[in-house]
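A structural walkthrough
Next come the chains, spelled out residue by residue.
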Amino acid sequence: MEKDGYDLKSSLLRHTNDLAITVVSPNKNIDKRLRTVVFRVRGVTCSSCVASIETAVERLDGVENVAVSVLQGQAVVKYLPDTVSAKEIKEAVEDTGFEVEEFPYQEIAICRLGIKGMACTSCSESTERALLMLDGVKKAVVGLAIGEAKIHFDPNVTNTDRIIEAVEDAGFVCNLISSGSDSNKLYLKLEGITTSDDFTIIQSSLESLVGVNNVEIDMEEHKATISYEPNIVGPRSLVQCIQEAGHGLKTYHATLYTPSRGKETERQHEILTYRNQFLWSCLFSVPVFVFSMVLPMLPPYGNWLQYKVINMLDIGMILRWILCTPVQFIIGKRFYTGSYHALKRKSANMDVLVALGTNAAYFYSIYIMIKALTSASFEGNDFFETSSMLISFILLGKYLEVMAKGKMSDALAKLTDLSPDTAYLVTLDADGIVISEIEMNTQLIQKNDMLKIVPGAKVPVDGLVIDGQSHVNESMITGEAVPVAKKPGDKVIGGTVNENGCVIIQATHIGSDTALSQIVQLVEAAQLAKAPVQKLADQISKFFVPTVVLAAFVTWLGWFIPGEIGIYPRIWIPTAMDAFEFALQFGISVLVVACPCALGLATPTAVMVATGKGASQGVLIKGGNALENAHKANSEHPLAKAVVDHAKKLSQKFGHLNEHIIEAKGFEVHPGAGVSVKNGERTILVGNKRLMHLFNVTLTSEVNKYISENEQLARTCVLVAIDGRAAGAYAVTDPVKPEAAVVISYLHSMSISSVMVTGDNWATANAIALEVGIQNVFAETDPLGKADKIKELQLRGVTVAMVGDGINDSPALAAADVGMAIGAGTDVAIEAADVVLMKSNLEDVVTAIDLSRKTMSRIQINYVWALGYNILGMPIAAGILYPFTGIRLPPWLAGACMAASSVSVVCSSLLLQYYKKPLHVKAA
């Protein structure tokens, strides 16, 4: 970006030593939330200008340090966002009479949280509500399947600490995964520290550097975490800064360390926790089950359990009570905690159902014990095995569920592991010859570094080939199996593998700016986004648990009252049981058989697997909304640059290169038609026939013949007029992609109709449409007209997917139900799209639609599993089959079914990992 002769990025990189920054005196209590803002100030010419700006800004509460550079016309301000806003700083500078330019507003910040303890949709919904009620939070999305939340908030109103506190108040364990300033972080181990003042010196030195956003120092571990802007400062500069902070005999050193992956560590911890809880539960529950259900059936081996201790209280009942109690209150504590927090936030979840069911069984059993203890004739059955086995089976289900969930992020984990650990940094002389070479950690790579990539090595960052030729395997990023040839000037992507030649590349994008990092961020965002079909589960979850509790109570009454008054035969009630106990078992079974978890997991697990699988095949899907809609799918112009380059070659060939070229003035764009300019006294028009008609330019028969001939050959004619007279014409063509005809044919076989909307003339458009097999064509359409045509189709009730690659396609991409951007297209088009086809191959249009269809089909199957299970399971648990078949569902077995339902849904979603793309053009 250039403004007033300044190249912003290069000046920051080249002249950072010119900034006259005053380092504040060491302050041990420096606030960790200190933020840095860098902006340009127009009109700074002398030291008095600097003084007036610095004085005005320093008066603001919350501003820690101000530095203004005369050479660069830049200001660097460190401030506390809790006390003063960036907008107030800008206004303070403008009040002094100077104009502020390129001010990087950060009114909205983003953070991601890991949340543990969410069991079902009601948990994620209540967490979202708790976040949205917090002042300053603009948007919050909570993903149940991945246990994460993404929050957009105003950093001037709230901060991550308050956000975490809000989640914890809702009853969930929460940790910060990343915040907006965490996009580029460096983790260093500090050496040479002897006193607490050393930490302060290092922190102050780092914070004085332009581009450093935040510095956190762990005094116990001697570690520093630094957030920085990679376009301004690099990691090696940060390490050097620490070394130069030493004075006299005091020397400091810094080495890289890799922090443990929080997400993976949390997942492993969760798996281990559930496994251990299940094993401990089994240790107590299995003997209870044996003493209650097995040994009494094996006389005389179980006779000792019936030995009476006091009155009718026997040894078996005492042992079952002793073994069941730790399971109920220690191992099962998590259900009490979850229920308490759920009820506190006026909602109900799976924990409430489990707590109600197990407590009903446990405390009724306590009542039976007391009756047996105080009576010489009372006979009754306890349900201690019900509560203990229930908890064991549910813990087994959760253990299997978190194990399965871990496999859902395999595709994403493979992407994050693609970057190599080390790289070769080289120094080149003026002739481009390597004069030095060192191996270093890839985390120390800075922008514009020269790196050597040997055959078989991974490319560490995105860059441009400077020297050498090779073939690069990009299949892990784009899904393209054939290695791509690379020569000087070509781009390479970080994480890809260099096949056969040695190349020198220049690093252009590092850290979070690399394509690999952006793919990971995009997939993570997609996995958090809710598909519209998820609303079904959200609506059901609001009344699911209360309905189940009511159904359980009605079931108990429905069996207890008729049993007491003798409506059904007494022989239906098992021996040594009365009508109350008989009815209670049915009621508890209804409570625990219903599973809200499976409903909540049906959609997000499928979306999570599908987006990860799509990314591994070169199809980036930006969330559940694009997945759901896709399955319905029934200026510097590059041509101008090519023409100018060709004109220069012609001038050189015919000896006119040194002629004086007058700079064009009055440049004006006519959308959908062309451009007009002033060259000296002459008016020049370059564009299509519409532009000529607009300026009343008459075309000769020779020109019209030339246009007609080229249009029949699917070429677009560009006309040139000077001072109202046709002066020339040339034809350009955009070659049809070789796979286009096959893709169109395959889409027709999928019952998807294809429409061409183009700015080209009718003759060219019809010729191309005929070549690829498209019947519906709309030509000579400007960018806004493309969007209007899509809206017109949508008004007919048609779902529209738009495939485009240029800036002029961005309005249409945004207007379509699903916008698909060709990966080699412009950044604007990619930003406007819902799906990015990274290989720039049209066959992936089919892949995106087919993957979305498979995903929606899998979601529907998941809902059949979840809803069908509950619809069938609850009546069976209520005893609807018992009068006819004698079959009833004991509570402990109902608990096993509840656990199995969630596992079945997650495993169903995991089947999407075996998805294979339907169309391979080469094979076709």
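Residues numbered from 1 in each chain as written. Predicted model: local features only at pLDDT ≥ 70, side-chain atom pairs only at ≥ 80, totals over all residues. Heavy atoms only, no water.

**What about the overall build of the chain?**
On a plain count of helices and strands, the chain comes out with 30 helices and 36 strands. Put simply, the chain has 924 residues, and 49% of those count as buried. For the chain, the computed accessible surface area is about 43,800 Å², with 57% contributed by carbon and sulfur atoms. (Helix = DSSP H or I, 4+ residues; strand = E, 2+ residues; numbered from the N terminus. Buried < 20%, exposed > 50% of the residue type's maximum accessible area, 1.4 Å probe, protein only. Areas by Shrake-Rupley, 256 points an atom, 1.4 Å probe, with all protein chains shown as cover.)

**Regarding the nonpolar core**
Formed by 144 residues in total, the largest nonpolar core has its most connected members in Leu113, Ile151 and Val835. The element contributing the most residues to this core is helix H28 (residues 843–877), with 12 residues. Sequence-distant contacts of Leu113, defined by excluding residues within four places in its chain, comprise Gly147, Glu148, Ala149, Ile151, Ile163, Ile164, Val167, Cys174, Asn175, Leu176 and Ile177. Core analysis: the second largest hydrophobic core is formed by 37 residues, Ile193, Val233, Ile242 and Ala507 among them. (Core = buried A, V, L, I, M, F, W, Y, C linked by side-chain atoms within 4.5 Å. Contact = heavy atoms within 4.5 Å.)

**As for H28**
The terminal C-alpha atoms of H28, which comprises 35 residues, lie 50 Å apart, in line with the 51 Å expected from a rise of 1.5 Å per residue. Positive backbone phi, approximately 95°, marks Gly879, located one or two places after H28. (Expected span 1.5 Å × (residues − 1).)

**So, the packing of aromatic side chains**
Under the defined criterion, the tally for this structure stands at 25 aromatic pairs. Ring centres of Tyr568 and Trp572 lie 5.5 Å apart, and the angle between their planes is 15°; on these two criteria the pair is classed as stacked. The buried category is assigned to Tyr568, whose relative accessible area is 9%. Ring-pair connections join several aromatic residues into one group, and the members of that group are Tyr364, Tyr367, Phe383, Phe553, Trp556, Phe560 and Phe580. Across the ring face of Tyr424, the terminal group of Lys452 is positioned such that the distance to the ring centre comes to 5.9 Å. (Phe/Tyr/Trp six-rings, centres within 6.5 Å; stacked < 30°, edge-to-face > 60°. Lys NZ or Arg CZ within 6 Å of the ring centre and 35° of its normal.)

**Structural notes on the sheet that holds strand S20 (residues 462–467)**
An order of S18-S17-S19-S25-S20-S23 is seen for the 6 strands of this open sheet, with the pairing classed as antiparallel. The sheet is open, and its two edges are formed by strand S18 (434–441) and strand S23 (491–492), each paired on a single side. Of the pairings in the sheet, the one linking strand S19 (residues 450–453) to strand S25 (residues 503–509) comprises 4 bridges and is antiparallel in character. Of the residues in S25, the one forming a bridge with Lys452 is Ile504. (Pairing = 2+ DSSP bridges.)

**Let's talk about the pattern of salt bridges**
Proximity of charged atoms lets side chains of opposite charge pair with each other. Enumeration over the complete set of coordinates arrives at 15 salt bridges. With its nearest N and O atoms 2.8 Å apart, the salt bridge here joins Glu437 to Lys452. You can see Glu437 sitting in strand S18 and its partner Lys452 sitting in strand S19, a full 15 residues away along the chain. Note on Glu437: relative accessible area 38%, which makes it partly exposed. (Salt bridge = Lys/Arg side-chain N within 4 Å of Asp/Glu carboxyl O.)

**With respect to a nonpolar patch on the surface**
Residues Met293, Val294, Met297, Leu298 and Tyr301 make up a contiguous nonpolar surface patch of roughly 520 Å² in combined accessible area. Summarising the element assignment, Leu298 is placed in the loop between helix H8 (262–294) and strand S15 (308–310). For Leu298, a relative accessible area of 41% translates into the label partly exposed. (Patch = residues over 30% accessible without salt bridge, like charges linked within 9 Å, V, L, I, M, F, W, Y side chains within 5 Å.)

**A short note on helix H23 (residues 740–749)**
Within the span of H23, buried status applies to Ala740, Val743, Ile744 and Leu747. In a view along the axis of H23, the buried residues occupy a sector of 100°, so they form one face of it. In the core, the buried residues of H23 are packed alongside helix H24 (762–772) and H28. Immediately beyond the C-terminal end of H23, within one or two residues, lies Ser751, with a positive phi of roughly 65°. (Arc of directions from axis to C-beta.)

**Details of the pairing of strand S30 (residues 716–722)**
The buried fraction of S30 is high, at 5 of 7 residues. Direction of pairing for strand S29 (residues 682–687) relative to S30: antiparallel, over a ladder of 4 bridges. Looking at the pairing, Leu685 lines up with Ala721 of S30. For S30 and strand S31 (residues 725–732), the ladder comprises 7 bridges, and the chain directions are antiparallel. When the bridges of S31 are listed, Val718 appears paired with Tyr730. With antiparallel pairing between neighbouring strands as the criterion, S30 and S31 make up a hairpin whose turn holds 2 residues, including Asp723 at a positive phi of roughly 55°.

**Regarding the pairing of strand S7 (residues 109–116)**
Most of S7 is tucked away, with 6 of its 8 residues classed as buried. Bridge count for S7 against strand S9 (residues 148–153) is 6 bridges, and the pairing is antiparallel. Opposite Arg112, over in S9, you have Lys150 as the bridge partner.

**Quick look at the side chain of Glu385**
If you trace the backbone, Glu385 turns up in helix H12 (residues 384–408). Buried and unpaired, Glu385 has Arg320 as its nearest opposite-charge partner, separated by 5.4 Å. One polar contact links Glu385 to Ser292, side chain to side chain, over a distance of 3.1 Å. Excluding residues that lie within four positions of it along the chain, Glu385 makes contacts with Val288, Phe289, Ser292, Met293 and Leu390. (Lys, Arg positive; Asp, Glu negative; His and termini not counted. Polar contact = N/O pair within 3.5 Å; in protein donor to acceptor, adjacent residues only side chain to side chain.)

**So, the sheet that holds strand S5 (residues 74–79)**
Spatially, S4-S5-S3-S6 is the arrangement adopted by the 4 strands of the open sheet, whose pairing is antiparallel. Only two strands of the sheet have a single neighbouring strand rather than two, namely strand S4 (63–69) and strand S6 (99–101). The average angle at which neighbouring strand axes cross in this sheet is 30°, direction not considered. Here helix H2 (residues 47–58) sits on the sheet and contacts strand S3 (35–42), S4 and S5; the angle it forms with S4, its principal contact strand, is near 165°. (Axes fitted to C-alpha atoms, helices over the stretch in contact; angles between N-to-C directions.)

**Some words on the confidence of the model for the chain**
Within the chain, residue pLDDT values average 81, and 89% of them lie at 70 or more. Averaged over each element, pLDDT in the chain is lowest for helix H1 (residues 8–14) (30) and highest for helix H9 (residues 315–331) (94). (pLDDT = per-residue confidence, 0-100.)

**Focus on the environment of Ser204**
One can find Ser204 in helix H6 (residues 196–207). For Ser204, a relative accessible area of 12% puts it in the buried group. Separated by 38 residues in sequence, Ser204 and Ile242 place their C-alpha atoms 10.0 Å apart.

**Quick look at unusual backbone geometry**
Backbone torsion omega between Pro299 and Pro300 reads 5°, so that peptide bond is classified as cis. If you trace the backbone, Pro300 turns up in the loop between H8 and S15.

**Observations concerning the environment of Val157**
Its place among the elements puts Val157 in the loop between S9 and helix H5 (160–169). Between the C-alpha atom of Val157 and that of Ser85, which follows or precedes it by 72 residues, the distance is 9.3 Å.

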